[in-house]
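Okay, here's what each chain looks like letter by letter:
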Amino acid sequence: MSGSNFVDYVKIFCRSGKGGAGSRHLRREKFVAKGGPDGGDGGRGGHIILRGNRNTWTLLHLKYQRHVFAGHGESGGKQTSTGANGKDVYIEVPPGTVAKDGETGEVLFEITQDKEERILVQGGRGGLGNAHFKTATNQTPRYAQPGEPGIERTVILELKVLADVGLVGFPNAGKSTLLSVVSAAKPEIANYPFTTLVPNLGIVKYRDHRSFVMADIPGIIEGAHEGKGLGLRFLRHIERNSVLLFMVPADSDDIHQEYKVLLNELRQYNPELLDKKRLLAITKSDLIDDELQAEIEEDLPEIPRVFVSSVTQKGLSELKDMLWRELEH
């Protein structure tokens with residue numbers, strides 16, 4: 001999932017198909033006098049449908065396909081034959097994609113399952129043929145309904161990464177390094193802020209052939225909820241995580257204060273995030289000795305915590321156990 005290939009926000013213009021017109025045909029056969037109306041209905045216009053596809057991880061394929069048009073319905077025919085429906089258009093999206101109205105920002109729905117289908121823009125209904133309008137007093141109606149027009153709509157698609165565990169921390173907290181050690185993911189790692197520009201996903205193997213998905217979210221800075229840094233763009237990915245693992249380096253000036261700042265950024269962005277289960281990992285703990293570790297432990301938040309080191313593998317098994325327990329409850 002490289003930086004250039006990860007797209008989690010697109011705005012597209014959609015137009016569904018218009019419905020076909022009903023037929024005004026009158027039955028004419030050699031030996032049937034005054035056969036009467038036999039016009040068929042028009043076919044409905046094509047829908048634009050979102051379909052979940054677990055094999056897609058990004059909205060990249062929609063980045064250069066900004067206009068999506070469905071097919072038009074065909075007109076009805078004689079002998080009450082119904083016109084063909086317009087061709088539906090399917091847009092494949094990753095589970096976790098939210099569809100919003102492009103004008104108002106209103107959330108329309110969310111695709112959460114593989115192969116789940118939801119109509120994004122409804123096609124126009126086909127018109128009724130004149131056969132529907134015959135009555136005892138109006139036996140030869142020479143009129144039929146036109147088809148409904150298609151609907152034009154601008155739609156925003158936002159991807160919120162689906163993962164069991166989300167890593168929350170400041171830049172350089174060691175999130176990417178931890179992900180690379182406990183899973184097979186190979187995120188780009190360097191010693192400067194914002195190395196991670198996109199969420200990275202990794203599958204963490206646990207004992208007895210069990211596993212869970214961990215997401216490395218780009219670093220959060222103070223003021224991220226106001227759009228500073230990269231935080232605002234990627235805070236939405238945290239909304240879909242079951243457990244939040246806060247990561248603060250052992251060499252920080254004030255671990256408790258850093259945790260409070262991170263917590264406040266989540267609260268300012270979406271207070272519901274505070275309802276999620278929280279764990280704390282003190283990273284880079286190979287830089288401190290046992291005496292300093294005991295001193296640090298006296299001033300830590302009252303949540304489950306563990307000291308870990310991706311370099312020496314210290315505490316990683318304990319961390320996996322803690323995460324699994326939280327995911328199971």
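Caption draft 1: Region of interest: the pairing of strand β12 (residues 241-249). Across the 9 residues that make up β12, a large majority, 8, are buried. As paired elements, strand β9 (residues 163-169) and β12 share 6 bridges and run parallel to each other. Bridged to Val168 within β12 is Phe246. Assessed by its sense of winding, the connection that carries the chain from β12 through helix α4 (residues 255-269) to strand β13 (residues 277-283) is right-handed.

Caption draft 2: Quick look at the packing of aromatic side chains. Inspection of the entire model under this criterion finds 5 aromatic pairs. Between Tyr206 and Trp324 the ring centres are 5.1 Å apart and the planes differ by 20 degrees, which places this aromatic pair in the stacked class. Of the two residues, Tyr206 sits in the loop between β10 (200-205) and β11 (211-216) while Trp324 sits in helix α6 (residues 316-328), which places them 118 residues apart along the sequence. For the pair Tyr206 and Trp324, one class covers both residues: buried. Residues Phe246 and Tyr259 carry aromatic rings whose centres are separated by 5.1 Å and whose planes lie at 70 degrees to one another, so their mutual orientation is edge-to-face.

Caption draft 3: Looking closely at unusual backbone geometry. With phi around 55 degrees, Gln79 is a residue other than glycine that occupies positive phi space. Among the secondary structure elements, Gln79 is positioned in the loop between β3 (67-69) and β4 (89-93). When its relative accessible area of 59% is taken as the criterion, Gln79 is described as exposed. At Lys115, a position not held by glycine, the phi torsion is positive, near 70 degrees. Positionally, Lys115 belongs in the loop between β6 (107-111) and β7 (117-121). Look at Lys115 and you get exposed, because its relative accessible area is 62%.

Caption draft 4: Structural context of the packing of helix α2 (residues 175-182) against α6. Put simply, α2 and α6 touch, their axes get as near as 12 Å, and they point 90 degrees apart. In terms of their interaxial angle, α2 and α6 are classed as roughly perpendicular. Facing α2, whose interface residues are Leu178, Val181 and Val182, α6 presents Leu316, Leu319 and Lys320. Tallied by class, the residues present in the contact of α2 with α6 amount to 5 nonpolar, no polar and 1 charged.

Caption draft 5: Representation of the pairing of β11. Pairing of β9 with β11, which is carried by 3 bridges, proceeds in the parallel orientation. The partner of Leu167 across the bridge, within β11, is Asp216. Sheet topology note: the β10/β11 ladder contains 6 bridges and is antiparallel. Across the sheet, the residue bridging to Leu201 is Ala215, located in β11. Taken together, β10 and the strand that follows it, β11, pair antiparallel across an intervening segment of 5 residues, in which Asp208 is found at a positive phi of about 60 degrees.

Here is what the cut-offs are and how they apply
Residues numbered from 1 in each chain as written. Predicted model: local features only at pLDDT ≥ 70, side-chain atom pairs only at ≥ 80, totals over all residues. Heavy atoms only, no water. Buried < 20%, exposed > 50% of the residue type's maximum accessible area, 1.4 Å probe, protein only. Helix = DSSP H or I, 4+ residues; strand = E, 2+ residues; numbered from the N terminus. Pairing = 2+ DSSP bridges. Right-handed = clockwise from strand over helix to strand, strands pointing away. Phe/Tyr/Trp six-rings, centres within 6.5 Å; stacked < 30°, edge-to-face > 60°. Axes fitted to C-alpha atoms, helices over the stretch in contact; angles between N-to-C directions. Parallel < 35°, antiparallel > 145°, perpendicular 65-115°, else oblique. Contact = heavy atoms within 4.5 Å. Nonpolar A, V, L, I, M, F, W, Y, C, P; charged D, E, K, R; others polar.

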